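Per-entry structural report
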Amino acid sequence: MSAEAATATARVFFALWPSSVNAEALGEIARREAASAGGKPTRPETIHLTLAFIGDVAEARLPALINAAAGVSCSAFSFVIDQLAYWPHNRIRWAGCSQPPPELPALAEALRSRLLAADFAVDRGKSGFLPHLTLLRKCREGVADLGLSPPLAWQADEFVLVRSQLAAGGSQYRVLQRFPLLRDEGGKS
Ligand code: 2AM
């Protein structure tokens, strides 16, 4: 292995990725909100809900990272995106759920615990896991929190490991691995 290959790193995180229908709907909301609140709308193809942010890891450790996440055993679940909110500290306008299902933090916690056991650091910030979909960055202060109408139904059947690379037009994301969530025997989540 060359010295360059031995030291190469990847910036990665785990996320729930929306269906193409929800990504388009959220992208449209982001553009609409940008028209009134300013800021940079997230491109539909990059909208996601982060479960665990890892940051830079050695590429050589990606198989171990994938192996750790593959040991997560959580059920598929559904939830509803019904809220638009704003965080003044980072000037982010985001969409989320007013009533997150218990499976959502449970999945983030199960993943975090598997990753920590495999010696990967998970950056949870100061406030722990706060499920959100960033729609606008650097938008204006004073944006009211709103109900989202119509709400978006989301069926979470898998989570993904994503590699982030900075490019001229913003971050580019590539799914490195998909991890199916468990379906019950009756086929319902
Ligand atoms: P954000 O949308 O609130 O910025 C990829 O950067 C994803 O990981 C984004 O969804 C981002 O959240 C999230 N993330 C969590 N912690 C992060 C950190 N310390 N640095 C960058 N992104 C982080």
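Let me sum up the structure you'll find in this document. Since we're looking at a predicted model, the values are computed, not measured. (Residues numbered from 1 in each chain as written. Predicted model: local features only at pLDDT ≥ 70, side-chain atom pairs only at ≥ 80, totals over all residues. Heavy atoms only, no water.)

The next subject is the state of the cysteines. The final tally for this structure, using the stated rule, is zero disulfides. Not part of a disulfide, C97 finds its nearest cysteine sulfur in C74, a span of 16 Å. Looking at C139, it has no disulfide partner, and the nearest cysteine sulfur is the one in C97, 19 Å off. On the basis of relative accessible area, C139 is assigned to the buried category, the value being 0%. (Disulfide = S-S within 2.5 Å. Buried < 20%, exposed > 50% of the residue type's maximum accessible area, 1.4 Å probe, protein only.)

The immediate surroundings of the ligand are formed by R11, F13, H48, T50, F53, I92, D123, H132, T134, R137 and Y173. Here an oxygen atom of the ligand sits 2.6 Å away from a polar atom, N or O, in the side chain of H132. Between T134 and the ligand, the recorded distance is 2.5 Å, taken from a side-chain N or O atom to an oxygen atom. Protein contacts shield 71% of the accessible area of the ligand, which totals 460 Å² for the unbound molecule. The class makeup of the residues in the shell around the ligand is four nonpolar, four polar and three charged. (Near = heavy atom within 4 Å. Polar contact = N/O pair within 3.5 Å; in protein donor to acceptor, adjacent residues only side chain to side chain. Areas by Shrake-Rupley, 256 points an atom, 1.4 Å probe, with all protein chains shown as cover. Nonpolar A, V, L, I, M, F, W, Y, C, P; charged D, E, K, R; others polar.)

Turning to the pairing of strand 5 (residues 92-96), a few remarks are in order. Counting buried positions along strand 5 gives five out of five residues, so the element sits mostly inside the fold. Both faces of strand 5 are covered, namely the face carrying I92, W94 and G96 and the face carrying R93 and A95. Two strands pair when backbone bridges link them, and strand 4 (residues 77-87) and strand 5 are joined in this way by five bridges, in the antiparallel orientation. Residue W87 lies in a different strand from strand 5, and its bridge partner there is I92. In this antiparallel pair of consecutive strands, strand 4 and strand 5, the connection spans four residues, and R91 shows a positive phi of 55 degrees. (Helix = DSSP H or I, 4+ residues; strand = E, 2+ residues; numbered from the N terminus. Pairing = 2+ DSSP bridges.)

A few words now on the pattern of salt bridges. The full count for this structure, using the stated rule, is nine salt bridges. Where R163 meets E59, a salt bridge forms, and the shortest distance between an N and an O atom there is 2.9 Å. Placement of the pair is R163 in strand 8 (residues 158-167) and E59 in the loop between strand 3 (49-58) and helix 3 (62-70), with a sequence separation of 104 residues. Take R163: its relative accessible area is 11%, and that puts it in the buried class. Owing to a relative accessible area of 31%, E59 belongs among the partly exposed residues under this scheme. (Salt bridge = Lys/Arg side-chain N within 4 Å of Asp/Glu carboxyl O.)

Interpretation note: all reported values are geometric properties and have no functional meaning in isolation.
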